[in-house]
Amino acid sequence: MKISVIGTGYVGLVTGTCFSETGNMVWCVDVDEQKIENLKRGIIPIYEPGLEEMIKNNFAMGHLHFTADINEALKETDICFIAVGTPMGEDGSADLQYVKKAATSIGQGMTRHMYVVDKSTVPVGTAGMVRDVIQSELDKREVNLTFDVISNPEFLKEGTAVSDCLKPDRIVIGTDSEKAVKVMKELYSALVKRDDNFIFMDIASAEMTKYTANAMLATKISFMNEISNICERVGADVDKVRLGIGSDSRIGYSFIYPGCGYGGSCFPKDVQALIRTSRAMGYEPDILGAVEKVNFEQKKVIPEKIKKRFGEDLTGKKFAVWGLAFKPNTDDMRESAAITIINELTRCGAEIAAYDPKAVDEAKNCYLKDNARVSYADNKYEALKRADALILITEWIEFRQPDFEEIKELLNQPIIFDGRNQYDRNVLKDKKIEYYPIGVKVESN
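Right, let's walk through the structure included here. (Residues numbered from 1 in each chain as written. Predicted model: local features only at pLDDT ≥ 70, side-chain atom pairs only at ≥ 80, totals over all residues. Heavy atoms only, no water.)

1. Here we look at the pairing of strand E12 (residues 389-392)
Line of reasoning, step 1. Here E12 shows no split at all, with Ala389 and Ile391 on one side and Leu390 and Leu392 on the other all buried.
Line of reasoning, step 2. Pairing between strand E9 (residues 318-322) and E12: 4 bridges, direction parallel. Note on E12: the bridge partner recorded for Phe319 is Ala389.
Line of reasoning, step 3. Relative to strand E13 (residues 415-418), E12 runs parallel, the two sharing 3 bridges. From the neighbouring strand, Ile391 faces E13, where its bridge partner is Phe417.
Line of reasoning, step 4. Handedness of the E12-helix H17 (residues 404-410)-E13 crossover: right-handed. (Buried < 20%, exposed > 50% of the residue type's maximum accessible area, 1.4 Å probe, protein only. Helix = DSSP H or I, 4+ residues; strand = E, 2+ residues; numbered from the N terminus. Pairing = 2+ DSSP bridges. Right-handed = clockwise from strand over helix to strand, strands pointing away.)

2. As for unusual backbone geometry
Line of reasoning, step 1. Positioned with a positive phi, Asn421 is a non-glycine residue whose angle comes to about 50°.
Line of reasoning, step 2. Among the residues examined, Asn421 registers a relative accessible area of 13% and is labelled buried.
Line of reasoning, step 3. With a phi angle near 60°, Lys432 is a residue other than glycine that sits in the positive phi range.
Line of reasoning, step 4. Along the chain, the position of Lys432 falls in the loop between helix H18 (425-430) and strand E14 (434-437).

3. Description of a nonpolar patch on the surface
Line of reasoning, step 1. A surface patch of nonpolar side chains, about 310 Å² in accessible area, is lined by Leu243, Tyr253 and Tyr257.
Line of reasoning, step 2. In this fold, Tyr253 is placed in the loop between helix H10 (238-246) and helix H11 (267-280).
Line of reasoning, step 3. Note on Tyr253: relative accessible area 37%, which makes it partly exposed. (Patch = residues over 30% accessible without salt bridge, like charges linked within 9 Å, V, L, I, M, F, W, Y side chains within 5 Å. Areas by Shrake-Rupley, 256 points an atom, 1.4 Å probe, with all protein chains shown as cover. Salt bridge = Lys/Arg side-chain N within 4 Å of Asp/Glu carboxyl O.)

4. Let's talk about the pattern of salt bridges
Line of reasoning, step 1. A complete count under the given rule lists 26 salt bridges for this structure.
Line of reasoning, step 2. Between Lys40 and Glu37 there is a salt bridge; the shortest N-O distance is 3.7 Å. One end of the pair, Lys40, and the other, Glu37, are both in helix H2 (residues 33-40), 3 residues apart, so they sit about a helical turn from each other.
Line of reasoning, step 3. Exposure remark for Lys40: the relative accessible area of 36% places this residue in the partly exposed category.
Line of reasoning, step 4. Judged by its relative accessible area of 36%, Glu37 is partly exposed.
Line of reasoning, step 5. When salt bridges with common partners are traced through the structure, they connect Glu304, Lys307, Glu344 and Arg347 into a single cluster.

5. A word on the state of the cysteines
Line of reasoning, step 1. Scanning the entire structure with this criterion turns up 0 disulfides.
Line of reasoning, step 2. For the unlinked cysteine Cys266, the closest cysteine sulfur is that of Cys165, found at 14 Å. (Disulfide = S-S within 2.5 Å.)

6. Things to note about the environment of Lys380
Line of reasoning, step 1. Positionally, Lys380 belongs in helix H16 (residues 380-384).
Line of reasoning, step 2. Along the backbone, Lys380 and Gly244 are 136 residues apart, and their C-alpha atoms lie at a distance of 33 Å.
Line of reasoning, step 3. Contacts of Lys380, omitting those with residues within four sequence positions, involve Trp322, Tyr355, Glu398 and Phe399. (Contact = heavy atoms within 4.5 Å.)

7. Observations regarding the pairing of strand E6 (residues 147-151)
Line of reasoning, step 1. The buried fraction of E6 is high, at 5 of 5 residues.
Line of reasoning, step 2. Here E6 shows no split at all, with Phe147, Val149 and Ser151 on one side and Asp148 and Ile150 on the other all buried.
Line of reasoning, step 3. Sheet topology places strand E5 (residues 114-118) next to E6; 5 bridges connect them, and they run parallel. The residue of E6 that forms the bridge with Val117 is Ile150.
Line of reasoning, step 4. Between E5 and its parallel partner E6, the chain crosses via helix H6 (residues 126-141), and the hand of that crossover is right-handed.

8. Describing the packing of aromatic side chains
Line of reasoning, step 1. Counting across every chain of the model gives 14 aromatic pairs.
Line of reasoning, step 2. Here Phe255 and Phe267 contribute two aromatic rings whose centre-to-centre distance is 6.3 Å and whose plane-to-plane angle is 45°, an arrangement assigned as tilted. Here Phe255, found in the loop between H10 and H11, pairs with Phe267, found in helix H11; they are 12 residues apart in sequence, far enough to count as distant.
Line of reasoning, step 3. Owing to a relative accessible area of 13%, Phe267 belongs among the buried residues under this scheme.
Line of reasoning, step 4. When the ring of Trp322 is compared with that of Tyr381, the centres are 6.3 Å apart and the planes differ by 85°; the resulting orientation is edge-to-face. Of this pair, Trp322 sits in strand E9 while Tyr381 sits in helix H16; the two residues are 59 residues apart in sequence, bridging distant segments of the chain.
Line of reasoning, step 5. Take Trp322: its relative accessible area is 0%, and that puts it in the buried class.
Line of reasoning, step 6. We classify Tyr381 as partly exposed; its relative accessible area is 22%. (Phe/Tyr/Trp six-rings, centres within 6.5 Å; stacked < 30°, edge-to-face > 60°.)

9. Observations regarding the side chain of Lys305
Line of reasoning, step 1. Take Lys305: it is sitting in helix H13 (residues 301-310).
Line of reasoning, step 2. Lys305 gets classed as buried once you look at its relative accessible area, which sits at 5%.
Line of reasoning, step 3. Not counting residues up to four positions away in its chain, the partners in contact with Lys305 are Glu232, Phe417, Pro437, Ile438, Gly439, Val440, Lys441 and Val442.

10. Some points on the packing of helix H9 (residues 203-234) against H10
Packed helix pairs are specified by the crossing angle of their axes together with the interaxial distance, meaning the distance between the axes.
Line of reasoning, step 1. Running from N to C, H9 and H10 point in directions that differ by 130°, and their axes come no closer than 9 Å. It follows that H9 is oblique to H10 by the angle criterion. The hand of the H9/H10 crossing is right-handed. Packed against H9, whose contacting residues are Met224, Ile227, Ser228 and Cys231, the element H10 presents Val238, Val241, Arg242 and Ile245 at the interface. (Axes fitted to C-alpha atoms, helices over the stretch in contact; angles between N-to-C directions. Parallel < 35°, antiparallel > 145°, perpendicular 65-115°, else oblique. Left-handed = near helix turned anticlockwise from the far one by under 90°.)

11. Side note on the nonpolar core
Line of reasoning, step 1. Ile82, Val99, Ile106, Val130 and Ile134 are the most contacted members of the largest nonpolar core, which totals 40 residues.
Line of reasoning, step 2. In terms of residue count, the dominant contributor to this core is H6 (6 residues).
Line of reasoning, step 3. The residues touching Ile82, leaving out its near neighbours within four places in the chain, are Ile6, Val99, Ala102, Ala103, Ile106, Val116, Val117, Asp118, Lys119, Ser120 and Val130.
Line of reasoning, step 4. Membership of the second largest hydrophobic core comes to 38 residues, among which are Ile3, Leu51, Ala161 and Val192. (Core = buried A, V, L, I, M, F, W, Y, C linked by side-chain atoms within 4.5 Å.)

12. As for the sheet that holds E9
Line of reasoning, step 1. If you trace the 6 strands from one edge of the open sheet to the other, you get E11-E10-E9-E12-E13-E14, paired in parallel fashion. Each having just a single partner strand, strand E11 (374-376) and E14 make up the two edges of the open sheet. Taken over all neighbouring pairs, the strand axes of this sheet differ in orientation by 20° on average, direction set aside.
Line of reasoning, step 2. Direction of pairing for E13 relative to E14: parallel, over a ladder of 4 bridges.

Here you go:
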């Protein structure tokens, strides 16, 4: 099949590449001409395991094309995915300006019947807006072309996006067209072998499904973080509580690990967008509001523990930070807890030596570029030198079994603040390391 994908961010680039991997001809489109030229040269703008090699292979075989000219892509294809960003607007709602621009370009450039697929995460009603924009452009051209608008939300997880795309656990498709159903089933037939993995529904329900899924996962995270804060105050072990409830098949273990708050491009934005959508309909979403509030406050927990241990004035103190990305196996720092934690500590006078396997450039060039109190190490142990404590923020695999004797040797004093509860409390107690995971009270120094 011949497919165009508008947008070469995480969703667009992964989706287009994976479709080309199964033998389809794919044109990836982006308005950023430098980005397109870089992709042609094999320079990939994001880190995602397995993606770079797949892009290079399919580009070399001629299955995958990159262009800044959408008309070039549209004249070759019958299916066009809209996979542009929908950033959070000033009021918390989804900013649909790039979706509108994509729809406008489709209406201006399409030359045959087109299946237009909304892959971006968008609020309910967006498909109708896309339909109206395309039709308006066709009317201006005075051409009688037909098209279908389909909602096909993505459920990719950064760090495992390629695997998620090639081996999806479900394909949600919202459409009112039987022809569109057949086309989408044919497109995904190489990836999905069982009919029960296809879930067909109306467009509004498909649009709502993605927001609901992310809001549910965010709710589990914030719920467990609230439980961790209660455990800290009553003297319970939140990790044992997690085991106790996770063994219940109705609850399960996924997304109930206490931590220093969720981040990334999806959960914060989508929870806020769903709140704004709900309020626009005259309904106050109390649970979602609490989820957002708990997450906002949870990112302050580690700095508060540190200030309780070392005092409010951290001038002259240095802290090693392991992990900057919002999760492992990505370089994405959007809404990462590391930003809040580092900025609060440096505001109090501390110096930071940070290390992350992939996200250092993101920190230097964007998220922490104006923070002069942050330096960057080439490896995890270098960051520890002459630091007063280690702060673990991102659970990269290389942090799971460090040399604790080396940590003790390099730190000024053996103290670890763990924002992801990675280590065994008893092991660190035996090694005479002060250990403060989420859910453990810090006594004032």
